[in-house]
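Given next are the chains, with one letter for each unit.
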Amino acid sequence: PPPVGLNSHVILCGLPAYTGALRDFVAPLRCKARYVAAEACPPVLLLQPTTPPPDACRAAAALGDVYYLQGHHEDMADMLRAGIDHASHVVLPRLNDNGSGIARSEDHHTVYEDAATILTCREIESAPELMALPIAEVAYASNMDFLMPHTSSGRNARTHRPTPTSLS
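Predicted model, so just to flag it, every value in this text is computed and none were measured. (Residues numbered from 1 in each chain as written. Predicted model: local features only at pLDDT ≥ 70, side-chain atom pairs only at ≥ 80, totals over all residues. Heavy atoms only, no water.)

**Here we look at the overall build of the protein chain**
Short version of the rule: What counts as a helix is a DSSP run of H or I of at least four residues, what counts as a strand is a run of E of at least two, and both are numbered from the N terminus. Buried residues are those whose accessible area, probed at 1.4 Å on protein chains only, stays under 20% of the maximum for their type, while exposed residues exceed 50% and partly exposed ones sit between those limits. The contact definition used throughout considers only heavy atoms, calling two residues in contact when any of these lie within 4.5 Å.
The number of helices and strands found in the protein chain is four helices and six strands. Of the regular secondary structure in the protein chain, the N- to C-terminal order runs β-α-β-α-β-α-β-α-β-β. Here the protein chain holds 168 residues, and the buried ones make up 40% of them. Counting contacts in the protein chain only where the partners sit at least 6 residues apart, residues at least 24 apart contribute 66% of the total.

**As for the confidence of the model for the protein chain**
Selection rule: One confidence number per residue, pLDDT, is output by the predictor and ranges from 0 to 100.
Overall, the prediction assigns the protein chain a mean pLDDT of 79, with 79% of residues at 70 or greater. Within the protein chain, the lowest mean pLDDT, 51, falls on strand 6 (residues 165–166), and the highest, 95, falls on strand 1 (residues 10–12). Confidence drops under a pLDDT of 50 for residues 151–162, and excluding neighbours within four residues, the segment shows 19 contacts in the predicted structure.

**A word on helix 4 (residues 115–126)**
Counting along an α-helix, one turn takes 3.6 residues, and residues three or four places apart therefore face a common direction. Going by this rule: How far a helix is expected to stretch is found by multiplying one less than its residue total by 1.5 Å. Here, the arc refers to the directions that run from the helix axis to the C-beta atoms.
Counted at 1.5 Å a residue, the expected span for helix 4 with its twelve residues is 16 Å, and the 16 Å between its end C-alpha atoms agrees. Residues of helix 4 that are buried: T117, I118, T120, C121, I124 and E125. Within helix 4, the buried residues cover an arc of 165 degrees as seen down the axis, which keeps them to one side. Projecting away from the buried face of helix 4 at angles above 90 degrees are the exposed residues L119 and S126.

Structure below.
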């Protein structure tokens, strides 16, 4: 479980199915070229419904400040338990319905495959007390438009928050 008072951390909402996924996510956040002092590296909290495999935990634990919390990004109560109100970023990788692995295009209609990710990003952005920046991976580039801030006229609005970034 995460320590009490976890702050300025990165919430990773699920993992792809391969064993090295957690280590591959954490390693760049521990790069000495990016963070000279180890204390400057952001802690990482993995939020997903199932416990990651022991091999994945061992590999990531060696990098330090990696925590796991059982929960789901679609449940704001779980996100609050993960400390979203004190997090710096929320990363939403493309996952299947059980919160792990890559979703297959035949699992969902293309219009709806990214719906949970889009709604989670919108919920984070609409809460003024949450300053965490959502970073989302979507299956279809056409769905990026739903992540862009818009006004009622359909034009991009300037907001106090940066535009969400796609990992795809």
